[in-house]
Amino acid sequence: MADTHQSRFDAAEWEKRRRDNKRLGYIFGAIVLAIFLGSIWKYRPF
């Protein structure tokens, strides 16, 4: 089997994917944090 899967994307493409994945992780983290804080605010004991 040839090693075409390694030469298909260059370093710039992988760097772009890494940045996009990090940004996507931050967005999902912000959504989860907003849901968590909203649930705490809704069910606050005071």
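Participant: With reference to specific residues and values, describe the overall build of the protein chain.
Facilitator: Assigned secondary structure in the protein chain consists of two helices and zero strands. Relative to its 46 residues, the protein chain shows a buried fraction of 0%. Looking at the protein chain as shown, the accessible area adds up to about 4700 Å², and 65% of this sits on carbon and sulfur atoms.

Participant: Can you tell me about the pattern of salt bridges, naming the residues and giving the values?
Facilitator: Using the criterion set out here, one finds four salt bridges in the structure. Measuring nitrogen to oxygen at the nearest pair gives 3.0 Å for the salt bridge that ties lysine 16 to aspartate 20. One end of the pair is lysine 16 and the other is aspartate 20, both in helix α2 (residues 11-42) and four residues apart, which spans about a single turn. In this structure, arginine 23 and aspartate 20 form a salt bridge, with 2.9 Å as the shortest nitrogen-oxygen distance.

Participant: Quick rundown of the packing of aromatic side chains? Include the residues and the values.
Facilitator: Per the counting criterion, the structure on display carries zero aromatic pairs. For arginine 17, the ring lying beneath its charged end belongs to tryptophan 14, and the centroid distance is 5.0 Å.

Participant: Quick rundown of a nonpolar patch on the surface? Include the residues and the values.
Facilitator: Among the surface-exposed residues, Leu24, Ile27, Phe28, Ile31 and Ile35 lie close enough to one another that they form a single nonpolar patch of about 500 Å² accessible area. Examined against the element boundaries, isoleucine 31 turns out to sit in helix α2. Classification of isoleucine 31 by relative accessible area gives partly exposed; the value is 43%.

Each value, and the rule that gives it
Residues numbered from 1 in each chain as written. Predicted model: local features only at pLDDT ≥ 70, side-chain atom pairs only at ≥ 80, totals over all residues. Heavy atoms only, no water. Helix = DSSP H or I, 4+ residues; strand = E, 2+ residues; numbered from the N terminus. Buried < 20%, exposed > 50% of the residue type's maximum accessible area, 1.4 Å probe, protein only. Areas by Shrake-Rupley, 256 points an atom, 1.4 Å probe, with all protein chains shown as cover. Salt bridge = Lys/Arg side-chain N within 4 Å of Asp/Glu carboxyl O. Phe/Tyr/Trp six-rings, centres within 6.5 Å; stacked < 30°, edge-to-face > 60°. Lys NZ or Arg CZ within 6 Å of the ring centre and 35° of its normal. Patch = residues over 30% accessible without salt bridge, like charges linked within 9 Å, V, L, I, M, F, W, Y side chains within 5 Å.

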